[in-house]
Amino acid sequence: MKRRRAAAPYAKALFVLVARRLRSACSRRVVCLAVPLVMLLPLVLATWGLAHHIYFDRSGVPDLEPFIRFELSTTGKVYDARGTVLVELAREYRQVVSYEEIPPVLRQAILAAEDKNFFTHSGVDYRALPRVLYKMAMSSFGGWWDGKGLRLRLPQGGSTLTQQLVRGYFLRDRWSRENGSTLFRDNLTWRLLSVVVGVPTTNKLFRKLEEVRLALWLEEEMTRRFGSREQAKREIFARSASFNYLGHGRYGFAAGSEYYFGKPLSSYTMEDAAKAASLAGITKAPRDYLPVPGDPRPLRRRNEILALMARNGYIPEDLAKRFQTEPVLVAKVADSSVKTQAPAAIDTVFDELRHHGAGRFGVEDLFQGRIFVHVTVDPRVQTIVNEALETGLALYERRHPQEKGLIQGSVVVLPNTEAAILAEAGGRHFYKNRYARYSDFNRVTGSLRQAGSAWKPMVYLAAFRHGLKLDTTVPDEPIAVSMGTDRPAKWIANYDHEFKGPIPLRQGLAESRNAVAVWITREIGLDGVIGTSLELGIRTPQQPYITTALGASEVRLLELAGAYRAMASGILAEPYIIDQVNSASGEVLYEAARTALELDSSYVNLIQEGLRGVVRIPEGTAHSLYGPDFPIPVMGKTGTTSDFRDALFVGSTYGPQGVTVAVRIGFDDNRTLGDKETGGRAALPIFREIMLLTYQQELVGSAPSFPREIEDGIDQYLQRQQSR
């Protein structure tokens, strides 16, 4: 600013002096040769002002600190319980590298392709000016020759690496808007120029000039900051190599190399010159020069750069010629979609980030690479869950081949001790011939569906709290429930359409007798049932109708799994998936609270024995889980909703050291699964496979045994039944 103000009086004095000389010359009737000078003076002054702005004016330059720190968005990572990457997420898949991390062969390819004089110029390569002017003239007159009018056409290319970096980092907004109809700078000079060359060309010219100014400024400032021109150049080069777009959402040569060639930069040698040339060639026009096998454009571009590398003495000429004969080869998998073995788990991670962030962090921080998330998912259990779900759905499709690829399911696995999600499948991996991504619908947490008879344990636990016992006699007989004013009562039927009269309460649970569940609810009150479900972790509001006792209200599968986990362990705890959130620098921003409350053990023991009876009692709906072919002691309950729309099974191994698995099968449009497609038929086999493989592979320890008093209670009941 001081330089510009100091120069103004001198410019004014120069103008006055020239005018006086002209008047004197003309008054003596001397041929007025100075008239052209007067006409040229405004042009001279404008040129001088422009040069001053570019070379000396440093007003209005951007803040350099963010560029020094270079805190660009990188890749956010979610780590599983074993410390391996479960998924990488980003708005921009970028890897920031230092100059030393860029292999020499790639440095040479970049310099050959973009700016061979980078380490000797000051940000602008004046030696390229004649070439740029020639291109501009040819482009402008070529357009006129083709009948497009005589207009100034500024060519692509000619920018140094520094200019390219300035354009993308500091001038991205102007660059993206320069082809619009609005002038960047609305003053007389630019308006007059736009009349001659058009608004887009005027904007482009203005952006080019600003690009030059900022490139010169950047190199000056970086030299001052880093103490030497050589170090400043290295820093600028590294930032350019980390900033460039390489296509398919990848930014920076490190990310591009791993994506296209499956190869980290650290492994590059001279033998990778062809790969380096391919990468260096992309930045000129990613749409045209992506390394696609069989496309002549990236092949031609790569070979041009190899020739330049040889001409500049970077690689031997015979090596360049050998590489030029080779085709463009890329890694087998070049798919930009984000894939993970646990897409539903990632969806739950997003939910918990929103809930726990409290303004300190959120989902966008993960996408921008500002945080890293550690989750409780065990990839080994997750693999078992995925495969078991696919196997179970395939069994259903054999029975209903017309539904192939359309049936859906969901599974969640919780350890009984603290409700940390071990595995979560919100749907099948391939659905309607499409791969499930992390953003697909999560049916574990997002789907509200009826629970059917899987809800009945809430009724029975509430009954125990009201003094009923497992051997209390209850009526299995016709019972009607009111459906509201002016509507006839509804008579409750059992699945087998039979009634057995007075039976022990445990038999009503084991055989899933609807009439018994409704009778109990009427006796103890629906509020007691809903209150019990709330205590067990059911957060979805339940309808105040007695049919809620039969699972007619909707609930999320994760809530249902959490309730069964509490009954199996006697410990109340909220399910969670995020174990820890760390900043990019390693600071712990969040850690899961491991708080737990104990349920009254006397009531818990009764529901545990009752659910164990569902498996052990021969007429129990899950009796197929009891026998030598399934040596794991479990308890659980089937669930089948009205018209066979959903089939469920939720079950657990015993105590805090056990695990709970919840399975739901159904169509997204809520149509029927088909006659007799019960929870025991459609969902239980999936539960069975998950439990078998998880314990066979000793992923959660050994299967706990049920206490002797629970097994003895069932044995005594069975003996009494046999003696009748």
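Values in this document were obtained by computation on a predicted structure and should not be read as measured data. Counting restarts for each chain, with residues numbered from 1 along the sequence as it is written. For this predicted model, a pLDDT threshold of at least 70 governs which residues receive local features, and a threshold of 80 or more governs which side-chain atom pairs are given and counted, while totals over whole chains, interfaces and linings are taken from all residues. Heavy atoms from the whole structure form the basis of all side-chain values; hydrogens and water molecules are not counted.

Participant: What am I meant to see in the sheet that holds strand S7 (residues 423-425) here?
Facilitator: Hydrogen bonds between backbone atoms are what pair the strands of a sheet, whose relative direction is either parallel or antiparallel. Spatially, the 5 strands line up as an open sheet ordered S7-S6-S22-S21-S20, and their pairing is antiparallel. Each edge of the open sheet is held by one strand with a lone partner, namely S7 and strand S20 (635-640). Sheet twist, expressed as the average angle between the axes of neighbouring strands with direction ignored, equals 10 degrees. Strands are labelled as partners when DSSP assigns at least two bridges between them. Going along the chain from the N terminus, every DSSP run of H or I of four or more residues is numbered as a helix, and every run of E of two or more is numbered as a strand. Angles run from 0 to 180 degrees between N-to-C directions of axes, and those axes are lines fitted to C-alpha atoms, restricted for helices to the stretch in contact.

Participant: Would you explain the confidence of the model for the protein chain in this entry?
Facilitator: Caution applies to low-pLDDT parts of the model: their predicted coordinates are not meant to be read in detail. When pLDDT is averaged along the protein chain, the result is 87, and 84% of the positions lie at 70 or above. Predicted confidence is poor over residues 1-16, with pLDDT under 50, and the contacts of this stretch with residues over four places away or in other chains come to 8 contacts. Low pLDDT, under 50, characterises residues 28-33; the stretch is placed with 2 contacts to residues that sit more than four places away or in other chains. On a range of 0 to 100, pLDDT expresses the predictor's confidence in each residue. Contact criterion: two residues are considered in contact whenever any of their non-hydrogen atoms come within 4.5 Å of each other.

Participant: Mind showing me how you'd approach a nonpolar patch on the surface here?
Facilitator: Together, Tyr 55, Phe 56 and Tyr 126 line one region of the surface with nonpolar side chains, adding up to about 310 Å² of accessible area. The residue Tyr 55 is located in helix H2 (residues 35-55) in this model. The buried label applies to any residue whose accessible area, calculated with a 1.4 Å probe on protein chains only, is under 20% of its type's maximum; exposed applies above 50%, and partly exposed to all values in between. By relative accessible area, Tyr 55 is classed as partly exposed at 36%. Residues enter a patch when their relative accessible area is above 30% and they make no salt bridge; the linking distance is 9 Å between like charges and 5 Å between nonpolar side chains (Val, Leu, Ile, Met, Phe, Trp, Tyr). Note on areas: Shrake-Rupley, 1.4 Å probe, and residue coverage restricted to the protein chains presented here. Just to be clear on terms, a salt bridge is a Lys or Arg side-chain nitrogen sitting within 4 Å of an Asp or Glu carboxyl oxygen.

Participant: I keep staring at the side chain of Thr 653 and nothing clicks. Help me out?
Facilitator: By the element assignment, Thr 653 lies in the loop between strand S21 (646-652) and strand S22 (659-666). On the basis of relative accessibility, which here comes to 0%, the residue Thr 653 falls in the buried class. Reaching out from Thr 653, the side chain makes a polar contact with the backbone nitrogen of Val 659 at a distance of 2.8 Å. The residues contacting Thr 653, other than those within four sequence positions of it, are Asn 416, Ala 568, Ile 632, Pro 633, Val 634, Gly 658, Val 659, Met 691, Tyr 695 and Pro 704. Counting of polar contacts relies on pairs of N or O atoms within 3.5 Å, with two restrictions inside protein: one atom must be capable of donating a hydrogen and the other of accepting it, and residues adjacent in sequence are counted only when both atoms are side-chain atoms.

Participant: Mind showing me how you'd approach helix H10 (residues 229-243) here?
Facilitator: Each full turn of the α-helix corresponds to 3.6 residues, which orients residues three or four apart in the same direction. Taking 1.5 Å per residue as the helical rise, H10 with its 15 residues ought to reach 21 Å, and the 21 Å between its terminal C-alpha atoms agrees with that figure. Here H10 lies mainly inside the structure; 11 of its 15 residues are buried. Along H10, the residues that are buried comprise Ala 232, Lys 233, Glu 235, Ile 236, Phe 237, Ala 238, Arg 239, Ser 240, Ala 241, Ser 242 and Phe 243. The length a helix should cover is 1.5 Å for every residue beyond the first.

Participant: Quick question: what am I supposed to make of unusual backbone geometry here?
Facilitator: Working note: non-glycine residues mostly have negative phi, and peptide bonds are mostly trans. Positive phi, normally seen in glycine, also occurs at Ala 419, with a value near 65 degrees. Inspection of the secondary structure assignment puts Ala 419 in the loop between strand S6 (408-415) and S7.

Participant: Before we go on, may I ask you to explain the environment of Ser 533 in this structure?
Facilitator: Considering the arrangement of structural elements, one finds Ser 533 in helix H22 (residues 526-535). With relative accessibility at 1%, the residue Ser 533 sits in the buried group. Sequence-wise, Ser 533 and Leu 461 are 72 residues apart; in three dimensions their C-alpha atoms are separated by 9.2 Å. Discounting residues that sit within four places of it in the chain, Ser 533 has contacts with Trp 455, Met 458 and Ile 538.

Participant: Which parts of the structure should I look at to understand helix H6 (residues 161-169)?
Facilitator: By the criterion of burial, H6 is predominantly enclosed, with 8 of the 9 residues buried. Along H6, the residues that are buried comprise Leu 161, Thr 162, Gln 163, Gln 164, Leu 165, Val 166, Arg 167 and Gly 168.

Participant: Just to check I follow, could you spell out the nonpolar core for this structure?
Facilitator: Across soluble globular proteins, you tend to see nonpolar side chains buried next to one another. Side-chain atoms within 4.5 Å are what join buried Ala, Val, Leu, Ile, Met, Phe, Trp, Tyr and Cys residues into a set we call a nonpolar core. By size, the foremost hydrophobic cluster in this structure holds 120 residues, and its most contacted members are Leu 353, Val 373, Val 411 and Ile 665. With residues up to four places along the chain from it excluded, the contact list for Val 411 reads Val 385, Leu 389, Ala 423, Glu 424, Ala 425, Val 444, Leu 557, Val 661, Ala 662, Val 663, Ile 686 and Ile 690. Of all hydrophobic cores here, the second largest spans 56 residues; its members include Ala 238, Phe 253, Ile 282 and Leu 319.

Participant: Can you walk me through the packing of aromatic side chains in this structure?
Facilitator: Two numbers describe a pair of aromatic rings. These are the distance of the centres and the angle of the planes. Under the pairing criterion, centres of Phe, Tyr and Trp rings, with the six-membered ring standing for Trp, must be within 6.5 Å; the plane angle then separates stacked pairs below 30 degrees from edge-to-face pairs above 60, leaving the rest tilted. One pass over the full model with this rule turns up 20 aromatic pairs. Pairing Tyr 259 with Tyr 260 gives two aromatic rings, centres 4.9 Å apart and planes at 80 degrees, and the pair type is edge-to-face. Cluster of aromatic residues (ring-pair linked, three or more members): Phe 67, Phe 70, Tyr 169, Phe 170, Trp 217 and Phe 243. Counted as over-ring charges are cases with an Arg CZ or a Lys NZ within 6 Å of the ring centre that also lie within 35 degrees of the ring normal. Above the ring of Tyr 99, the side-chain terminus of Arg 107 is found at 4.2 Å from the ring centroid. The residue whose ring lies beneath Arg 239 is Phe 67, and the NZ or CZ to ring-centre distance is 5.4 Å.

Participant: Help me understand the pattern of salt bridges in this model?
Facilitator: Here the idea is simple: oppositely charged side chains can pair when their charged atoms come close. All chains considered together, the criterion is met by 48 salt bridges. Its salt-bridge partner being Lys 263, residue Asp 272 comes within 3.8 Å of it at the nearest N-O pair. Judged by its relative accessible area of 7%, Asp 272 falls in the buried class. For Lys 263, a relative accessible area of 19% puts it in the buried group. Of the charged contacts in the structure, one is a salt bridge between Asp 643 and Arg 645, with a shortest N-O distance of 3.1 Å. Residue Arg 645 is classed as partly exposed on the basis of its relative accessible area of 29%. Overlapping salt bridges bring together Arg 612, Arg 616, Arg 708, Glu 711, Asp 712 and Asp 715 as one network.

Participant: Could you clarify how one ought to interpret the sheet that holds strand S5 (residues 371-375) in this entry?
Facilitator: Overall, mixed pairing links the 5 strands, which are arranged S2-S1-S5-S17-S18 in an open sheet. Each edge of the sheet is formed by a strand with only one pairing partner; in this case those strands are strand S2 (85-89) and strand S18 (588-591). Strand-to-strand, the axes of this sheet are offset by a mean angle of 15 degrees, without reference to chain direction. Relative to strand S17 (residues 578-583), S5 is paired through 5 bridges, and the arrangement is antiparallel.

Participant: Just to check I follow, could you spell out the packing of helix H19 (residues 456-465) against helix H21 (residues 514-524) for this structure?
Facilitator: Packed helix pairs are characterised by how far apart their axes lie and by the angle those axes make with each other. Direction vectors running N to C along H19 and H21 enclose 45 degrees, while the axes themselves pass 10 Å from each other. Relative to H21, H19 is oriented oblique. Between H19 and H21 lies a crossing whose hand is left-handed. Here Lys 456, Val 459, Tyr 460, Ala 462 and Ala 463 of H19 come into contact with H21, specifically with Asn 514, Val 516, Ala 517, Ile 520, Thr 521 and Ile 524. Lys, Arg, Asp and Glu make up the charged group, whereas Ala, Val, Leu, Ile, Met, Phe, Trp, Tyr, Cys and Pro make up the nonpolar group; the residues left over, Gly among them, are polar. Classifying every residue of the contact of H19 with H21 by side-chain character gives 8 nonpolar, 2 polar and 1 charged. For classification purposes, an angle smaller than 35 degrees is called roughly parallel, one larger than 145 roughly antiparallel, one from 65 to 115 roughly perpendicular, and anything else oblique. Whether a crossing is left-handed or right-handed is set by the direction in which the near helix is turned from the far one by less than a right angle, anticlockwise for left-handed and clockwise for right-handed.

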